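Structure assessment
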Amino acid sequence: MVLKVDGEYFLTRAEAVSYVLQGYHAKWCFARWSRDEVAFSFETKSGSRDRILLRAYKLKKSKTVRIRKYELDEYFSKEG
């Protein structure tokens, strides 16, 4: 479940993949760990492929590592 902390949204890895697929209309997307970051690989509908690394966050009282939704939005707004 998306978590909102101090007005900011944090997504699990699976939620982030779904967000990229649905929100940014990617053909495919997957994420995997890369040290203390999460690596996202994806292909857009136009056929371009890319890979981005985003910092992983572990919030208080949670064992789940999350990604900031803002960082995904920021990356894709530069691409748009």
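Right, let's walk through the structure included here. Given the structure is predicted, the values throughout are model-derived calculations rather than measurements. (Residues numbered from 1 in each chain as written. Predicted model: local features only at pLDDT ≥ 70, side-chain atom pairs only at ≥ 80, totals over all residues. Heavy atoms only, no water.)

1. Describing the pattern of salt bridges
So the rule is basically this: Salt bridge, as used here, is a side-chain nitrogen of Lys or Arg placed within 4 Å of a carboxyl oxygen of Asp or Glu. Here a helix means four or more residues in a row that DSSP labels H or I, a strand means two or more in a row labelled E, and each is numbered from the N terminus. Note on exposure labels: buried denotes an accessible area under 20% of the residue type's maximum, exposed denotes more than 50%, and partly exposed covers the range between, all computed with a 1.4 Å probe on protein chains only.
Scanning all chains against the criterion turns up six salt bridges. In this structure, the salt-bridge partner of Glu43 is Lys27, at a minimum N-O distance of 3.4 Å. Within this pair, whereas Glu43 is found in strand β4 (residues 37-44), its partner Lys27 is found in strand β3 (residues 26-34), the two being separated by 16 residues in sequence. Residue classification places Lys27 among the partly exposed positions, given a relative accessible area of 45%. Across the pair Glu43 and Arg49 runs a salt bridge whose closest N-O atoms are separated by 3.2 Å. For Glu43, a relative accessible area of 9% translates into the label buried. The class of Arg49 is exposed, set by a relative accessible area of 63%. Residues joined by salt bridges that share partners form a network here, namely Glu8, Arg68 and Glu71.

2. Quick word on the sheet that holds strand β1 (residues 3-5)
The line we're drawing: Pairing between strands is defined by DSSP: at least two bridges between them are needed. Any two residues whose heavy atoms approach within 4.5 Å at even a single point are treated as in contact. Lines are fitted to the C-alpha atoms to define the axes, a helix being fitted only along its stretch in contact, and any angle between axes, read from their N-to-C directions, falls within 0 to 180 degrees.
Strand order across the open sheet formed by four strands is β1-β2-β7-β6, with antiparallel pairing between neighbours. In this open sheet, the two edge strands, each paired with only one partner strand, are β1 and β6 (57-58). The pairing of strand β2 (residues 8-11) with strand β7 (residues 65-68) spans two bridges and is antiparallel. Following the sheet pairing, Phe10 is matched in β7 by Arg68. Here helix α1 (residues 13-23) sits on the sheet and contacts β2 and β7; the angle it forms with β2, its principal contact strand, is near 105 degrees.

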